[in-house]
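Structural overview
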Amino acid sequence: MGTILASAIISRLRITLLDPSPGDTWTDSDLLNALNEAQRRICNVKLNAFRVRGYVPLQAGTHQALPTGGLIVLDATENEESGLRCTKVNRGLMDAAARFHPAATPEIDAQHWVADPVDPAAFDIVPPNTGFGSLYMLYGAVPTAISAVGDPITLDDGYESALKHFALSECYAANTKRQDVAKASYYATSAERMVGGRAQGESAYAVKNGAPRGT
């Protein structure tokens, strides 16, 4: 979570929008909604912008998914029941080594996890789970909404400029007397460049197969 208050960004938005408080076109509530939408847009571009750590309950079987709001699996480290480590493995190598592993006897602890190349919020585990296990995981998620203008932003402070530009895009795209599609497009493109491409969000920070984090 950041330390910058939503009210501070809203004040700067009003300067750019030429709409001083209490606002002729946009109320504080409107700008807070735009700021929350800006947070979600950042996470749509960079899936790991908002990260969650904690134990994730496992479903019975091999195929698993993150809790509601989860966007991308970044790492899974240990089992809650035993404390034993769980390591990432390559799907092709796992299938070659134990082709029938999905039909193995279910266990409460996962020994390995496999990323899904198509759905970043899904993953497989080996062996199949009993449905009573849980893994300590790091994953990207939809950010918690900022509930009031006096609250801090949910994302890290480093996203301040991108938040401002995405929020400006939301404001200029809205159906008001100040609607300006060209400005909305300009600020959206600017924010996306600040955040970086989606590919970075999916792979840059993901742990590699058989390698400890950071290598």
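Basis of the calculations
Residues numbered from 1 in each chain as written. Predicted model: local features only at pLDDT ≥ 70, side-chain atom pairs only at ≥ 80, totals over all residues. Heavy atoms only, no water. Helix = DSSP H or I, 4+ residues; strand = E, 2+ residues; numbered from the N terminus. Buried < 20%, exposed > 50% of the residue type's maximum accessible area, 1.4 Å probe, protein only. Contact = heavy atoms within 4.5 Å. Areas by Shrake-Rupley, 256 points an atom, 1.4 Å probe, with all protein chains shown as cover. Expected span 1.5 Å × (residues − 1). Arc of directions from axis to C-beta. Polar contact = N/O pair within 3.5 Å; in protein donor to acceptor, adjacent residues only side chain to side chain. Core = buried A, V, L, I, M, F, W, Y, C linked by side-chain atoms within 4.5 Å.

This part takes up the overall build of the chain. The number of helices and strands found in the chain is 6 helices and 7 strands. Taken from N to C terminus, the helices and strands of the chain fall in the order α-α-β-β-β-β-α-β-β-β-α-α-α. If one aligns the C-alpha atoms of the chain with their principal axes, the spans along those axes are about 65 × 30 × 30 Å. Here the chain, with 215 residues, has 43% of them falling under the buried criterion. Within the chain, counting contacts between residues at least 6 apart in sequence, those at least 24 apart form 75% of the total. About 11,000 Å² of surface is accessible on the chain, with carbon and sulfur atoms providing 55% of the total.

The subject of this paragraph is helix H5 (residues 181–195). For H5, which comprises 15 residues, the first-to-last C-alpha distance of 21 Å matches the rise-based estimate of 21 Å (1.5 Å per residue) to within 8%. By the burial criterion, the buried members of H5 are Ala184, Tyr187, Ala188, Ser190, Ala191 and Val195. An end-on view of H5 places all buried positions within 165° of arc, on one side of the element. Of the exposed residues in H5, the ones pointing more than 90 degrees away from its buried face are Ala182, Tyr186 and Arg193. A distance of 3.2 Å separates the backbone nitrogen of Ala182 from a side-chain oxygen at the start of H5, and that oxygen is part of Asp180. Gly196 sits one or two residues past H5 and shows a positive phi near 105°.

Here is a general trend for soluble globular proteins: nonpolar side chains tend to be buried in one another's company. Leu17, Ile42, Phe123, Leu135, Met137, Leu163 and Phe166 are the most contacted members of the largest nonpolar core, which totals 48 residues. Of all the elements in the fold, those that place two or more residues in this core are helix H1 (6–17), helix H2 (28–45), strand E3 (70–79), strand E6 (122–129), strand E7 (134–141), helix H4 (160–173) and H5. Sort the elements by how many residues they give to this core and H2 lands first, with 8 residues. Setting aside residues no more than four positions away along its own chain, Phe166 makes contact with Ala38, Arg41, Ile42, Val45, Ala188, Ala191, Glu192 and Val195.

Right, let's get into the side chain of Gln39. Inspection of the secondary structure assignment puts Gln39 in helix H2. Of note is the side chain of Gln39, whose polar atom sits 3.5 Å from the backbone oxygen of Thr144. A distance of 3.2 Å separates a polar atom in the side chain of Gln39 from the backbone nitrogen of Leu155. Ignoring sequence-local partners within four residues, the contact set of Gln39 consists of Pro143, Thr144, Ile146, Ile153, Thr154, Leu155 and Leu163.

A few words on the side chain of Arg14. Note on placement: Arg14 falls in helix H1. Within polar-contact distance, the side chain of Arg14 engages the side chain of Asp28 at 2.9 Å. Filtering out sequence-adjacent residues up to four positions away, Arg14 remains in contact with Asp19, Pro20, Ser21, Pro22, Gly23, Trp26, Thr27, Asp28 and Leu31.

For Pro57, the location among the structural elements is in strand E1 (residues 51–57). Taking relative accessible area as the criterion, Pro57 reaches 56% and is therefore assigned exposed. Along the sequence, Pro57 and Arg12 sit 45 residues apart, while their C-alpha atoms lie 42 Å from each other. Those residues in contact with Pro57 that lie beyond four places of it in its chain are Gly133 and Ser134.

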